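Close look at the chain arrangement
The primary structure of each chain is shown beneath.
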Amino acid sequence: MKQHLLHTPEGVRDIYNGECEKKLYLEEKLHNILKSYGYHPIQTPSFEFFDIFGKEVGTTGSRDLYKFFDREGNTLVLRPDITPSIARVAANYFMEETMPIRFCYKGNTFINTGSLQGRLKESTQLGAELIGDDTADADAEILSMVTECLLHAGLKEFQLSVGHVGVLQGMMEAAGFDEEEEEELRALIMNNNFFGVESFIESRHLDDGLKQLFAMLGRIYPSAEAFQAAKKTAEQYPRIYAAIQHLEQLHSLFLLYGIDKYISFELGVMSSYQYYSGIIFHGYTFGSGEPIVKGGRYDRLLKHFGKDAPAVGFVIVADQLLAALSRQKIEMPVERVCQLVVYDEAHREDAVVYARKQRAAGCSVELMLKSREKTRADYEAYAARNQAARVQFMDGE
């Protein structure tokens, strides 16, 4: 046998036995929470036309996409991100809908990351999108769902860093940066190189107030009261001021939802996705170097597909969340419900009838014809490996 046939390609992995049970349990539990908020399940294809994720949309760069061709020569891609697909669906089937639309989903995404990054190239995401509502109430509802999902997953300590795209964009507009300067600054912030940001800003001739605002990008604020100095300094910059006011309004809603203890404000929060237009947030916990949650507002994305509607949403990266739960030694309460029934030929009918009755009653039964080469201890060991609740022998012994 060729040994390479037993291995998966780099960046993907097999999930089996107890780990698979835990993942499916977690996915179902979180999906039910999303539905409890009135969000309706939706499924979109695993691959779409290239233009759904093109440069104009502002999602994953072309070099990180898995691209291939269909029989007609159309360029297709495995979806790197589910949000643009949801936007396409909303524009296609709900063009005339003027009331808010709520979708929830789960599915796999595919990003052809570099070999040295050590990231999964296929990951499972669960998410929700609220389309047609541009209020702070919609933003708060999304973050309330995120918080409830993480708590029900078993996490006790996590933090959601919330910012607003308008803060940084407003600063760069007020500073008059060109496209090259904006890219350089964004790269510094994405790499958390705030010493580099300070050096970059000091080398430019900017107003003292604007320099003070740039200096606040790397700070974390536990509440809206903590960035009142930033708000006062931003009074002369309308776009920055409006963004900070929105975060201030959000904080009052977080208090109403009772989720304020899990949220901090970070004015420099950024994403590689360029379609975000309002709030933007990431969720972190111990045991995961990557965000377990990503989301924000994208009021201009649907216009690309022909529907002018605001939207806000998020995704939970199930693989990152599971890894964090494991490293924090938080057990998933997956019940052992399947029973193993071992029978000999003389008791075949009894075993089948019993299994049919048990399955009809909602119980799981695995049937196995007894082999002469196996002992009872062998079957009991097998049941333990496969997490069977119990073993029943129908062999006349």
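Our structure is the block above this text.
My aim in this report is to walk through the structure given alongside it, one point at a time. (Residues numbered from 1 in each chain as written. Predicted model: local features only at pLDDT ≥ 70, side-chain atom pairs only at ≥ 80, totals over all residues. Heavy atoms only, no water.)

With that settled, consider the overall build of the protein. On a plain count of helices and strands, the protein comes out with 12 helices and 14 strands. Projected onto its principal axes, the C-alpha coordinates of the protein cover approximately 90 × 55 × 45 Å. Scored against the burial criterion, the 397 residues of the protein give a buried share of 47%. By sequence separation, contacts in the protein at least 24 residues apart represent 70% of the contacts at least 6 residues apart. Accessible surface computed for the protein: about 21,000 Å², of which carbon and sulfur atoms make up 49%. Positive and negative side-chain charges of the protein, numbering 43 and 57 respectively, have mean locations separated by a distance of 7 Å. (Helix = DSSP H or I, 4+ residues; strand = E, 2+ residues; numbered from the N terminus. Buried < 20%, exposed > 50% of the residue type's maximum accessible area, 1.4 Å probe, protein only. Contact = heavy atoms within 4.5 Å. Areas by Shrake-Rupley, 256 points an atom, 1.4 Å probe, with all protein chains shown as cover. Lys, Arg positive; Asp, Glu negative; His and termini not counted. Charge placed at Lys NZ, Arg CZ, Asp CG, Glu CD.)

Moving on, we come to helix 2 (residues 83-93). Counting buried positions along helix 2 gives nine out of 11 residues, so the element sits mostly inside the fold. Three or more residues of helix 2 are buried, namely Thr83, Pro84, Ser85, Ile86, Ala87, Arg88, Val89, Ala90 and Ala91. Residues of helix 2 that are buried sit in contact with strand 2 (47-49), strand 5 (101-110) and strand 6 (122-131).

Our next topic: the environment of Arg13. Within the fold, Arg13 resides in the segment before helix 1 (17-36). Distance from Arg13 to Glu122, taken between C-alpha atoms, is 8.4 Å for residues 109 residues apart in sequence. Those residues in contact with Arg13, other than ones at most four positions away along the chain, are Thr8, Glu19 and Leu120. A polar contact of 3.0 Å, which involves the side chain of Arg13, links it to the side chain of Glu19. (Polar contact = N/O pair within 3.5 Å; in protein donor to acceptor, adjacent residues only side chain to side chain.)

Glancing now at the sheet that holds strand 4 (residues 75-78). Here we have three strands laid out as an open sheet, ordered 2-4-3, and antiparallel in their pairing. Each edge of the sheet is formed by a strand with only one pairing partner; in this case those strands are strand 2 and strand 3 (67-69). Averaged over all pairs of adjacent strands, the angle between their axes in this sheet comes to 40 degrees, without regard to strand direction. Judged from the three bridges that link them, strand 3 and strand 4 form a sheet pairing that is antiparallel. (Pairing = 2+ DSSP bridges. Axes fitted to C-alpha atoms, helices over the stretch in contact; angles between N-to-C directions.)

Throughout the structure, instances matching the rule amount to 12 aromatic pairs. Centroid distance Phe158 to Tyr262: 4.6 Å. Interplanar angle 5 degrees. Geometry classified as stacked. Taken together, the positions of Phe158 in strand 7 (residues 158-164) and Tyr262 in the loop between helix 9 (238-257) and strand 8 (263-265) put the pair 104 residues apart, joining distant regions of the chain. Taking relative accessible area as the criterion, Phe158 reaches 6% and is therefore assigned buried. With a centroid separation of 6.0 Å and 35 degrees between ring planes, the pair formed by Phe177 and Phe214 is classed as tilted. In this pair, Phe177 sits in the loop between helix 4 (165-175) and helix 5 (179-190) while Phe214 sits in helix 7 (residues 208-215), placing the two residues 37 residues apart along the sequence. In this structure, Phe177 and Phe214 share a single accessibility class: buried. Each member of the aromatic cluster is reached from another via a ring pair, and the members are Tyr221, Phe227, Phe254 and Phe265. (Phe/Tyr/Trp six-rings, centres within 6.5 Å; stacked < 30°, edge-to-face > 60°.)

What is shown is where atoms sit, not what they do.
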